[in-house]
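Chains, contacts and geometry: an overview
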Amino acid sequence: MLFNSLHFVIFFPLVAAAYFILPHRFRWALLLGASYYFYGAFKIEYLLLLFTSTAVSYVAAIRMKQAQHRQKKLWLWLAIGVNLGLLFFFKYLDFSIDSLNQVMGWFRMGLEFPLSHWLLPIGISFYTFQIVGYLLDVYFDVKEPERHPGIYALYVSFFPQLIAGPIERSTNLLPQFGKKIDYDYHRVVGGLRLMLWGFFKKLVIADNLAIVIDQVYADPGQFPGWVLLIATVFLVYQVYCDFSGYSDIAIGGARVFGIELMQNFNRPFAARSMQEFWKRWHISLASWVNDYVHTPLAYQKRHWKMWGALFSIMIAFLVIGIWHGASWNFVIWGLLFGIVLCLEYLTADMRQQLFRGWPRALVSTLAILYTFSIVVIVSIFFRAETFADAIYVVRHCFDLSTITASQLTGSGLWAMNIDPFWMVMGLGMIIGLEIIQLWERKERIHEVVGRLPKLWRWLIYGVVVVAILSFGNFDMKQFYYFQF
Amino acid sequence: MTTEQITAELTTIFRKVFKAPDLELDPSLTPNDVDNWNSLNNTIMIYEVEEAFGIKIPLREMITIKTVGDLIAIIERHTAA
C-alpha cells in the first residue's frame, strides 16, 4: 500500500482509531496485523519472505543469548547469512549473473547464464538492515533479545517505516512497543501536521520536479549544458523532497501512535563538507553503516593507522552504494562519495592552514557551495539510465557555452520539449523550500505552524491541502526509494 | 597505574592524534567536545592507547566508550589485570 493512495487515506485513520480504543495489551497485535495487511497489499507472497526473515532472526537472537562463544558466533552468522542471502537472491542475483556473463563475454568463453528475473520485494533492503542491526546489537550485548514473538515481528514490520525507513535501531524502537501510550491530542495533531508537510514535499515538490527531470534524462544528448545542469539540480531536490517527504510521513504517522522514530534528514544542503553531509542525509542508513560496517572494520584495521581509516571509508561507501541498487552506477556513486571523503580526511590540515584568517562567513559559503556541487555531480550517476548517459551529463552540464538567448524563452523551451511552466515553478519551489529550511535552523516548520494562532494555523492547513489537491501529482507515482 | 598517570599518558595521545596541542582532558569530555575526535580518528586513537599501555581493547568494549572517563575506566581495568 502506498502512502499516496486512497487505500492509505482510509486505512490509516481506521488503524489509529482502533489503536486508541483498544486496551494497551492488544495494541501490538493490531499494529502487527495492520503492518502485515499494509505489506501484503503490495503482493501477498512478500509476507512469506518477511515472515521467514523475522522467524530466523527471532530464534537466532534468543539462541545467541543462551550460547557460549563459538556457538554464539555460529548463530549470528547463520541468521545474518539467511537474511543477507535472501537480499542477495532477490536483489543482486541478476546483477551478479549479468556481470559474470559480461566478463565471460570479454574472454569469449561462449557461455551465458540465464537471468532469474525475480521481482525485487519492496522494502527488503530496509528491513534486512534493521534485522541485521538487531542481531549485531544482541551479539555485542547492546540489547537483550526480544522474547515476545509478536513485539519482535512488529519491530521488523512496523508499517510507517517498513518499506523505506528510517532504518530503526533495536535500542530505540523495541522498548517503545512495550510502553503504555495514552491518547495525547497535541502529539497526534503534531504527527498529522508532519505527515501533511511530508505529503506536500512528495506530491507537490518532488513529483512536479520529476516532470522536467524525466524529460531531460530520457535522452540527455538532446539538451544543451545549462538544461542538463538545471535538471540535475532539480534531481537533487526531487530525491531530497521525495525521500525526506516519505520520512516525514513515516515519522509523523508513527508519532500518532506515540512511537518516536529517529530523524532521517537534517537540512542536508547546509552541510559544509561531505562528511557533514552524511550526518544530515539519510541519517539512519549512514549511521547504520558507520556503526555496523565502518567501525568494526576500522577497528580491525587500526594497526594500519591512517590507511585503515581510509580503507574502511571506501568499504563503507561501497556498501552504501550497493545497498541502493544492483548496478554499476550505484557502485560508482558510492565509491565517488568514498573518494571525496578520503580526500577531505587527507586534506583537513592543509585546508585549515589555507583558510586561516579568511572571513568565517565566506569560508562557510564556499564550503556549502563545494559540498552542493559534489552532490550534484555524484547524483548524475544516481539517476542516469546508463553509464554512458551519466558520463555525457558530467561532461556537458557545466558547459554553458552552447547557451543562446532564444533557448531561454518559453517557445525556446517548448522547442526542446520542456514545459516552461514547470521549469519556472521548479525553480520557485526550490527557492521557497530553501527559505523554509533557513528558517528551520532553529525549529522544524511544522512545529512553528503548531504554535500559531488557530486562524493562521487552519489557513495554512487549507493552503497546503489546496496546493496538494491542485498541484499534487496523483498518478500514484512511487516513492523514489521504493526501488531500493 | 594511577588514574593521574593514565590521564597524563592519554592527554599526550589525544593531543597527537586529534591534533589539539592545548587539549586538557577531563573525564566528562565526549567526542562532541574534542575537534577531530570522530569515527575516522577514533580507532587510530584506540590503537595508540593499546600500544602505549600494552593492552588490547576488544571491539565490544570500544563501542561502549562515550566519554574520556569511560576510556580511562577501561584502561584501568585492563592494566590492573
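Remember, predicted model here, so these are calculated numbers, not experimental data. (Residues numbered from 1 in each chain as written. Chains lettered and ligands numbered in written order. Predicted model: local features only at pLDDT ≥ 70, side-chain atom pairs only at ≥ 80, totals over all residues.)

What follows covers the overall build of chain A. Helix and strand content of chain A: 21 helices and zero strands. The C-alpha atoms of chain A give a radius of gyration of 24 Å, which matches the 23 Å a tight globule of 484 residues would have. Dimensions of chain A, computed from the C-alpha atoms along their principal axes, are close to 70 × 70 × 55 Å. Looking at chain A as a whole, 38% of its 484 residues qualify as buried. Long-range pairs, those at least 24 residues apart, make up 72% of the contacts in chain A between residues at least 6 apart in sequence. (Helix = DSSP H or I, 4+ residues; strand = E, 2+ residues; numbered from the N terminus. Rg over C-alpha atoms; globule rule 2.2 N^0.38 Å. Buried ≥ 20, exposed ≤ 12 C-beta atoms within 10 Å, placed from the backbone. Contact = placed C-beta atoms within 7 Å.)

Here we take up the overall build of chain B. In terms of helices and strands, chain B carries four helices and zero strands. Start at the N end of chain B and walk to the C end: the helices and strands fall as α-α-α-α. Whereas a compact globule of 81 residues would reach a radius of gyration of roughly 12 Å, chain B reaches 11 Å, a difference of no more than 12%. Considered along the principal axes of its C-alpha atoms, chain B spans approximately 30 × 25 × 20 Å.

What follows is about the packing of helix H2 (residues 24–40) of chain A against helix H3 (residues 46–66) of chain A. All names here are of chain A. Here H2 crosses H3 at 135°, and the two axes come no closer than 9 Å. Judged on the interaxial angle alone, H3 and H2 are oblique. Here H2 runs over H3; the crossing is right-handed. Seen from H2, the contacting residues are Tyr-36, Tyr-39 and Gly-40; seen from H3, they are Tyr-46, Leu-47 and Leu-50. Class assignment of the residues belonging to the contact of H2 with H3 gives a composition of five nonpolar, one polar and no charged. (Axes fitted to C-alpha atoms, helices over the stretch in contact; angles between N-to-C directions. Parallel < 35°, antiparallel > 145°, perpendicular 65-115°, else oblique. Left-handed = near helix turned anticlockwise from the far one by under 90°. Nonpolar A, V, L, I, M, F, W, Y, C, P; charged D, E, K, R; others polar.)

The peptide bond linking Gly-165 of chain A to Pro-166 of chain A adopts the cis configuration, its omega dihedral lying at 5°. Looking at the secondary structure, you find Pro-166 of chain A in the loop between helix H7 (159–162) and helix H8 (170–178). Even without being glycine, Lys-305 of chain A reaches a positive phi, approximately 50°. Along the polypeptide, Lys-305 of chain A turns up in the loop between helix H12 (283–300) and helix H13 (306–324). Backbone geometry places Asn-36 of chain B, a non-glycine residue, at a positive phi of 70°. Along the polypeptide, Asn-36 of chain B turns up in the loop between helix H1 (3–17) and helix H2 (39–53). Residue Asn-36 of chain B is classed as partly exposed on the basis of its 17 C-beta neighbours within 10 Å.

The subject of this paragraph is the interface of chain A and chain B. In this assembly, 16 residues from chain A lie in contact with 10 residues from chain B. Counting only elements with at least two residues in the side of chain A that touches chain B, the list comes to H12 and H13 of chain A. A total of six residues in the side of chain A that touches chain B trace back to one element, the largest contributor, which is H12 of chain A. Here the side of chain A that touches chain B is built from residues that sort into eight nonpolar, five polar and three charged.

So, about the confidence of the model for chain B. In this model, chain B carries a mean pLDDT of 91, and residues with pLDDT of at least 70 account for 99%. Scored as a whole, the predicted complex attains pTM 0.88, and scored at its interfaces, ipTM 0.88. (pLDDT = per-residue confidence, 0-100.)

What follows concerns helix H21 (residues 454–471) of chain A. In a regular helix each residue adds 1.5 Å, so 18 residues correspond to 26 Å; H21 of chain A covers 25 Å between its end C-alpha atoms and thus fits that length. Burial within H21 of chain A is sparse, with just zero of its 18 residues counted as buried. (Expected span 1.5 Å × (residues − 1).)

Moving on to the environment of Ser-28 of chain B. Residue and element names in this part refer to chain B. Residue position: Ser-28 is located in the loop between H1 and H2. Through-space distance from the C-alpha of Ser-28 to that of Thr-12 is 17 Å; in sequence the pair is 16 residues apart. Apart from the residues lying within four places of it in its own chain, the contact partners of Ser-28 are Thr-67 and Gly-69.

For the rest of this paragraph, the subject is the packing of H1 of chain B against helix H4 (residues 68–80) of chain B. Any two packed helices are characterised by the angle at which their axes cross and by the distance between the axes. All names here are of chain B. Packing of H1 against H4 brings their axes to within 10 Å, and their N-to-C directions diverge by 120°. Put simply, H1 runs oblique to H4. As for how H1 packs across H4, the hand of that crossing is right-handed. Counting all contacts with H1, which are made through Thr-3, Ile-6, Thr-7 and Leu-10, the residues of H4 involved are Ile-72, Ile-75 and Glu-76. Grouping the constituent residues of the contact of H1 with H4 by class yields four nonpolar, two polar and one charged.

Residues and elements named next belong to chain A. Along the chain, Lys-179 turns up in the loop between H8 and helix H9 (185–218). On the basis of neighbour count, Lys-179 is assigned to the exposed category, with 9 C-beta atoms found within 10 Å. Separated by 155 residues in the primary sequence, Lys-179 and His-24 place their C-alpha atoms 8.5 Å from one another.

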